[in-house]
Amino acid sequence: MIQEDLERIKSETRERLSKALSPDEINEIRVAVLGKKGQLTQILKGMKSVAPEDRPKVGQMVNETRAKIEEALASSQAQISKKLQDERLAAETIDVTLPARKMERGHLHPNTVALKEIEDIFIGMGYEVVDGPEIEKDYYNFEALNIPADHPAKDEQDTFYINGDMLLRTQTSGVQIHEMERGRIPIRMIAPGRVYRADEVDATHSPVFHQVEGLTVDKGITFADLKGTLAEFAKGIFGEDTRVRFRPHHFPFTEPSAEMDVSCFKCGGKGCSFCKGEGWIEILGCGMVHPHVLEMSGIDPEVYSGFAFGIGLERIALLKYEIDDMRLLYENDIRFLKQF
Ligand code: DAH
């Protein structure tokens, strides 16, 4: 009787397992057969009614059946896991022969490239890069720079005024004043940034452009320091063979003042179409900080002296890349920008 029951449970279980589709179903079958209230467990409970001398034999039969069923459960479990994994792998197949999607790579703007080079050169000489406000008081943009109230640059046609006292800075020179007012000497700083002027747009003008201001203040600074520093800068930007020359000029905040030219990096100074036959190209304004400017900013001109310079960033970028129209720098035409 028991033997028949065992055979029946075994074959029924195999039958159910052959139809199972998931690990959960297999688990259900395990519980139904081997669980606390499972079929096989019930049979073990019925052992009481078996004659004592038959019990070892019946017990052995039950154990054998149990072992067979466990084996069947394990093998079904393995089969289903494998099948599920195969299905998943098939669904996740990657076609490695498919052409890759093209990655668009960004480019640095020529102004950015030029600025990074300028910054690297000055940082290498111990300069700090500082920032200043674009919306500025008249005092910082003009007055403290020794630019008198009746100076033509203050004309409304050149300067964007916000009100009588506030304006969009027309030059980065005001950052010199902020830096001197902080009262930390020695000063070795450059201040790159946007400046604004009421100019019409053309190949060489824009109402918004960039300058890099420079200022050095310490004891015993002379024009020789200015020349050495700016000659080093010129070599860094235009190459080791670059020569510089200084022409007298006038800026209200420096005395003496000069403009610096570099030898033409196309012809080496012989004169070509790039330098318009001059052999020299003007690149910046500079000078020794006017004693009155030092004094207004709280620095004693009897003790300290300094030099300053102002570089037009666009001018450097245009020269470096031989771009002949400033508008190209602002139009953001991807075909242009891609070249840098
Ligand atoms: N601020 C001047 C300009 O916008 C440029 C300049 C010239 C700056 C001489 C300086 C300097 O610091 O010393 O034209």
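Here's a quick rundown of the structure. Everything numeric here is computed off the predicted structure, so don't read it as measured data.

Some remarks on the overall build of the chain
In terms of helices and strands, the chain carries twelve helices and nine strands. Relative to the compact-globule value of 20 Å for 340 residues, the chain shows a C-alpha radius of gyration of 43 Å, a clear excess of over 25%. Out of the 340 residues belonging to the chain, those deemed buried represent 39%. Excluding contacts between residues fewer than 6 apart, the proportion of contacts in the chain whose partners are at least 24 apart in sequence is 66%. Put simply, the chain shows about 19600 Å² of open surface, and 52% of that area lies on carbon and sulfur atoms. Positive and negative charge centroids in the chain, built from 43 and 57 side chains respectively, lie 13 Å apart.

Regarding the state of the cysteines
A full pass over the atoms with the stated rule returns zero disulfides. With no disulfide of its own, Cys 264 lies closest to Cys 267 among cysteine sulfurs, the gap being 3.6 Å. Considering cysteine sulfurs only, Cys 267 is the nearest to Cys 272, which forms no disulfide, with 3.7 Å between them. The class of Cys 272 is partly exposed, set by a relative accessible area of 23%.

Let's talk about the packing of helix 8 (residues 223–238) against helix 10 (residues 313–321)
One way to put it is that helix 8 packs onto helix 10 with a least axis distance of 11 Å and a crossing angle of 45°. With respect to helix 10, the axis of helix 8 lies oblique. From helix 8, Phe 233, Ile 237 and Phe 238 reach across to helix 10, where they touch Ile 316, Leu 319 and Lys 320. Among the residues forming the contact of helix 8 with helix 10, the class breakdown is five nonpolar, no polar and one charged.

Quick notes on the pattern of salt bridges
Evaluated as defined, the whole model comprises 21 salt bridges. A salt bridge links Asp 138 to Lys 154; its shortest N-O distance comes to 3.3 Å. Of this pair, Asp 138 sits in helix 6 (residues 138–141) while Lys 154 sits in the loop between helix 6 and strand 3 (166–168); the two residues are 16 residues apart in sequence, bridging distant segments of the chain. Residues Asp 138 and Lys 154 agree in their burial class; the two are buried. We note a salt bridge from Asp 261 to Arg 245, for which the minimum N-O separation is 2.9 Å.

Notes on the packing of aromatic side chains
For any pair of aromatic rings, the description rests on two quantities: the centre-to-centre distance and the angle between the ring planes. This model, assessed by the stated rule, comprises eleven aromatic pairs. Each residue in the set Phe 122, Tyr 127, Phe 233, Phe 307 and Phe 309 is aromatic and connected to the rest through ring pairs, giving one cluster.

A few points about helix 7 (residues 174–181)
The buried fraction of helix 7 is high, at six of eight residues. Those residues of helix 7 that fall on the buried side of the exposure criterion are Gly 174, Val 175, Gln 176, Ile 177, Glu 179 and Met 180. Turning to helix 7, the residues buried within the fold contact helix 6, strand 4 (187–196), strand 5 (208–218), helix 9 (291–296) and strand 9 (305–312). Following helix 7 by one or two positions, Gly 183 adopts a phi angle in the positive range, close to 75°.

Some words on the environment of Asp 218
Looking at the element boundaries, Asp 218 is found in strand 5. Spatially, the C-alpha atoms of Asp 218 and Ser 305 are 5.9 Å apart, while their sequence positions differ by 87 residues. Setting aside chain neighbours within four positions, we find Asp 218 in contact with Ile 185, Pro 186, Arg 188, Tyr 304 and Ser 305.

A few points about helix 2 (residues 23–34)
Taking 1.5 Å per residue, twelve residues should reach 16 Å; helix 2 reaches 16 Å between its end C-alpha atoms and fits that length. Within helix 2 the residues assigned to the buried category are Ile 26, Ile 29, Val 33 and Leu 34. Relative to the axis of helix 2, the buried residues are bounded by an arc of 95° and lie together on one face. Along helix 2, exposed side chains directed more than 90 degrees from the buried face belong to Asp 24, Glu 28 and Val 31. Contact partners of the buried residues in helix 2: helix 1 (2–19), helix 3 (39–45) and helix 4 (55–91).

The rules we used
Residues numbered from 1 in each chain as written. Predicted model: local features only at pLDDT ≥ 70, side-chain atom pairs only at ≥ 80, totals over all residues. Heavy atoms only, no water. Helix = DSSP H or I, 4+ residues; strand = E, 2+ residues; numbered from the N terminus. Rg over C-alpha atoms; globule rule 2.2 N^0.38 Å. Buried < 20%, exposed > 50% of the residue type's maximum accessible area, 1.4 Å probe, protein only. Contact = heavy atoms within 4.5 Å. Areas by Shrake-Rupley, 256 points an atom, 1.4 Å probe, with all protein chains shown as cover. Lys, Arg positive; Asp, Glu negative; His and termini not counted. Charge placed at Lys NZ, Arg CZ, Asp CG, Glu CD. Disulfide = S-S within 2.5 Å. Axes fitted to C-alpha atoms, helices over the stretch in contact; angles between N-to-C directions. Parallel < 35°, antiparallel > 145°, perpendicular 65-115°, else oblique. Nonpolar A, V, L, I, M, F, W, Y, C, P; charged D, E, K, R; others polar. Salt bridge = Lys/Arg side-chain N within 4 Å of Asp/Glu carboxyl O. Phe/Tyr/Trp six-rings, centres within 6.5 Å; stacked < 30°, edge-to-face > 60°. Expected span 1.5 Å × (residues − 1). Arc of directions from axis to C-beta.

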